[in-house]
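# Per-entry structural report
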Amino acid sequence: MSQIRTRFAPSPTGYLHIGSLRTALFNYLWAKKNNGQFLLRIEDTDQARLVEGAQENLIKILQLFGLNFDNHEPMVQSTRTKIYQEFAQKLVAESKAYYCFCSSERLDDLRKTQTEKKLVPKYDGHCRNLSQEEVSAKLQAGEKAVIRFKMPENQTVEMHDEVYGDIKVKTEDLDDFVLLKSDNFPTYHLANIIDDHEMEISHVIRADEWLPSLPKHILLYEAFGWPQPTFVHLPLLLNPDRSKLSKRQGDVAVEDFVKKGYLKEAILNYVALLGWNPKDEREFFTLEELVANFSLEHINKTGAIFDIQKLNWFNSQYIRKVFYATADEVIYGKKIEPHTIEPGNLMIKLKNKNILELAQSFIPNDISLDLKNKIIKIFSSRLNNLAELAEVASFVWELPAYDKAMLIFKKSDLEKTKTGLNLTLELLNQTEEIAWQEENLKQLLSDLVAQNNLTAGDVFWPIRVSLSGREQSPSPTEILEVLGKEESLKRIQVAVDKLK
RNA sequence: GGCCCUAUCGUCUAACGGUUAGGACGCCAGGUUCUCAUCCUGGUAAUCAGGGUUCGAUUCCCUGUAGGGUCACCA
């Protein structure tokens, strides 16, 4: 059997769409699953829509996600215009295509009148039967021309797709589509077929939106006399209203998710499960595990809504399990084996440092690295994404104003609260810096509660509020450790003064 | 509008014609607890409709309905 070769063929529009990431992923998975090759091709044949730096950006992101392509340099279509021109002319020579001199104004008018008459907009074949002499004369005169495919008449195109099965379309429903534009650049259809053939692509894995142009591609393969690759069309990613996933209804650029602190492992994991399933109930996968488990048979036909809530859940799972262990390792030097995510018993081999650095970047710069790490640790079970750190942990570097009434726990009263806070202040004052650790502080305060006939709510609650200015936060003892002795005592003193 | 595709809880999905239609997210409730989150337990909720085929349809076929994609010298 010949080698499996897939390709990811984006057009460089400036950012990578989350749906494109999934397409790239599936191509990568199928290639790697079969010890084949995953190739990158840049489809930049639209001169009007060139975006500076888009190609570099694209490659950077693919590499970030570990979707490394096997060609040293991506194939770039704009460097191959000559080849496309020659192939287009070959089809003209064989009467399978023809020159068309219609102006875009004429074409626009045509479309307009057709639409008004409720007809299907379609090229009317105006230039289809021009004589050789007429064509040469116009060409000589320097008239602008495109090359159109000469659609065969009364034929049925039979196609096969790995996920959608057999599909038939009549050629009368198809148009004499353009192969070569008047700027001598190829259209998608032409370049795509030629490149896939020359790159020896075995499986064309692409989004569902291409299904309507599949018959054109089949016809082109037949016109050139080339063998067809296997086609695999992927169900679309959808907005919540079931339309094609678009910018208007939220983030779609992979960069945006990365910037917000969605871990690439979580993004990849979530996106892999959109339109594909492992057939069993596992849901945590590393890239390697996806490669091992991937299969075309388990690709669905139905579009899948991109559900940010589920992405949040995946991301928070990764953050919790990974960071808790990571922070422990970094702060306390604990030796931790490759981190295990419990649901699924998955071994996650993450570059801990990179993720830590990413998390640190969401905390103000003037905070020490050590403090940043401690903050990350205590908030790691409370985040949907790392960017939330900036807001949810802000009380650490800036105590918000709060009303003194908040200091009193709902089951407590003013007297008990005052007693609790004063005792706490006294106790903590006597506590050595060296004993200023969460476990120890917790023990000390618990003893204090027991010895003074108070409840936990009388003591722990007011400490929380005085330290954070909030009713919801990590446990008071965790905050104590994070803030350190000096700052903690200062804040508790403020609370005591408020209650006087 | 033409063509094409699709149809299981709100969402992602499982169920090679026979299951009390399973899991996950979300949501709700309870437990743990000084709060929130985590964690544990439980609950909620689905086969688009109508015809066939069959002893038996979520599953196969047809029709309808609904949704989507696509109809450029963009990809």
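### Observations regarding the overall build of chain A
Helices and strands together make up the secondary structure of chain A, namely 18 helices and 14 strands. Computed over the C-alpha atoms, the radius of gyration of chain A is 32 Å, more than 25% above the 23 Å expected from 2.2 N^0.38 for a compact globule of 500 residues. Expressed along its principal axes, the backbone C-alpha trace of chain A runs to roughly 105 × 50 × 35 Å. The 500 residues of chain A split such that 35% are buried. Considering only contacts within chain A whose residues lie at least 6 apart along the sequence, 76% involve residues at least 24 apart.

### Notes on the pairing of strand 7 (residues 165-170)
A small share of strand 7 lies buried, amounting to zero of its six residues. With six bridges joining them, strand 6 (residues 156-161) and strand 7 adopt antiparallel strand pairing. Among the inter-strand pairings, Val157 is bridged to a residue of strand 7, identified as Val169. Taking the residues between adjacent antiparallel strands as the criterion, strand 6 and strand 7 are bridged by three residues.

### Looking at the nonpolar core
Among the nonpolar cores identified, the biggest contains 87 residues, and Leu21, Leu25, Ile267, Val271, Ile375 and Leu389 are the most heavily contacted of them. Examining the composition of this core, we find that nine residues originate from one element, helix 1 (residues 18-33), more than from any other. Sequence-distant contacts of Leu25, that is, excluding residues within four places in its chain, are made with Leu67, Leu268, Val271 and Ala272.

### Side note on the domain arrangement of chain A
According to the domain assignment, chain A contains domain 1 (5-72 + 237-305), domain 2 (80-234), domain 3 (309-396) and domain 4 (404-499). For domain 1 versus domain 2, the separation of C-alpha centres amounts to 28 Å. If you look at the interface, domain 1 gives 17 residues, while domain 2 gives 19 residues. Of all the elements in the fold, those that place two or more residues in the side of domain 1 that touches domain 2 are strand 1 (5-8), helix 1 and strand 2 (37-42). A per-element tally of the side of domain 1 that touches domain 2 places helix 1 first, with five residues. Looking at the side of domain 1 that touches domain 2, its residues break down into five nonpolar, seven polar and five charged.

### Let's talk about unusual backbone geometry
The phi angle of most residues is negative, glycine excepted, and most peptide bonds adopt the trans form. Of note, the phi angle at Asn35 is positive, near 55°, even though the residue is not glycine. Counting through the fold element by element, Asn35 comes out in the loop between helix 1 and strand 2. Of note, Lys279 is a non-glycine position whose phi angle comes to about 80°, a positive value. By secondary structure assignment, the location of Lys279 is in the loop between helix 9 (264-272) and helix 10 (287-293).

### A word on helix 4 (residues 104-116)
Between its first and last C-alpha atoms helix 4 spans 18 Å; for 13 residues at 1.5 Å apiece the expected length is 18 Å, and the two agree. Within helix 4, only zero of the 13 residues are buried, leaving the element largely exposed. Backbone geometry just after helix 4 places Lys118 at a positive phi near 60°.

### Side note on the packing of helix 17 (residues 456-468) against helix 18 (residues 476-499)
Between helix 17 and helix 18, the shortest axis-to-axis distance is 8 Å and the interhelical angle comes to 80°. Our classification of the angle between helix 17 and helix 18 gives roughly perpendicular. On helix 18, the residues touching Phe460, Pro462, Ile463, Arg464, Ser466, Leu467 and Ser468 of helix 17 are Pro476, Ile479, Leu480, Leu483, Ser488, Arg491, Ile492, Val494 and Ala495. Counted by class, the contact of helix 17 with helix 18 contains eleven nonpolar, three polar and two charged residues.

### Quick look at the protein's contact with RNA strand B
Within the structure, RNA strand B sits among 67 residues, and Ser11, Glu43, Ser182, Ala456 and Phe460 are positioned closest to it. Of all the secondary-structure elements, those providing two or more residues to the surface near RNA strand B are helix 4, strand 7, strand 12 (304-305), helix 11 (308-332) and helix 17.

### With respect to helix 3 (residues 81-93)
With 13 residues, helix 3 should cover 18 Å at 1.5 Å per step; its first-to-last C-alpha distance of 18 Å lies within 8% of that length. When helix 3 is considered as a whole, its buried residues turn out to be Tyr84, Phe87, Ala88 and Leu91. Angular distribution of buried residues about the axis of helix 3 spans 100°; they occupy a single face of the element. Summarising the geometry of helix 3, the exposed residues directed more than 90 degrees from the buried face are Lys82, Glu86 and Ala93. Buried positions along helix 3 lie against strand 4 (97-100), strand 5 (146-149), strand 8 (178-180), helix 6 (188-198) and helix 7 (214-224). Positioned one or two residues after helix 3, Ser95 has a phi angle of 60°, which is positive.

Procedures and definitions
- Residues numbered from 1 in each chain as written.
- Chains lettered and ligands numbered in written order.
- Predicted model: local features only at pLDDT ≥ 70, side-chain atom pairs only at ≥ 80, totals over all residues.
- Helix = DSSP H or I, 4+ residues; strand = E, 2+ residues; numbered from the N terminus.
- Rg over C-alpha atoms; globule rule 2.2 N^0.38 Å.
- Buried ≥ 20, exposed ≤ 12 C-beta atoms within 10 Å, placed from the backbone.
- Contact = placed C-beta atoms within 7 Å.
- Pairing = 2+ DSSP bridges.
- Core = buried A, V, L, I, M, F, W, Y, C linked by C-beta atoms within 7 Å.
- Domains from an automatic or database assignment.
- Nonpolar A, V, L, I, M, F, W, Y, C, P; charged D, E, K, R; others polar.
- Expected span 1.5 Å × (residues − 1).
- Axes fitted to C-alpha atoms, helices over the stretch in contact; angles between N-to-C directions.
- Parallel < 35°, antiparallel > 145°, perpendicular 65-115°, else oblique.
- Near = placed C-beta within 6 Å.
- Arc of directions from axis to C-beta.

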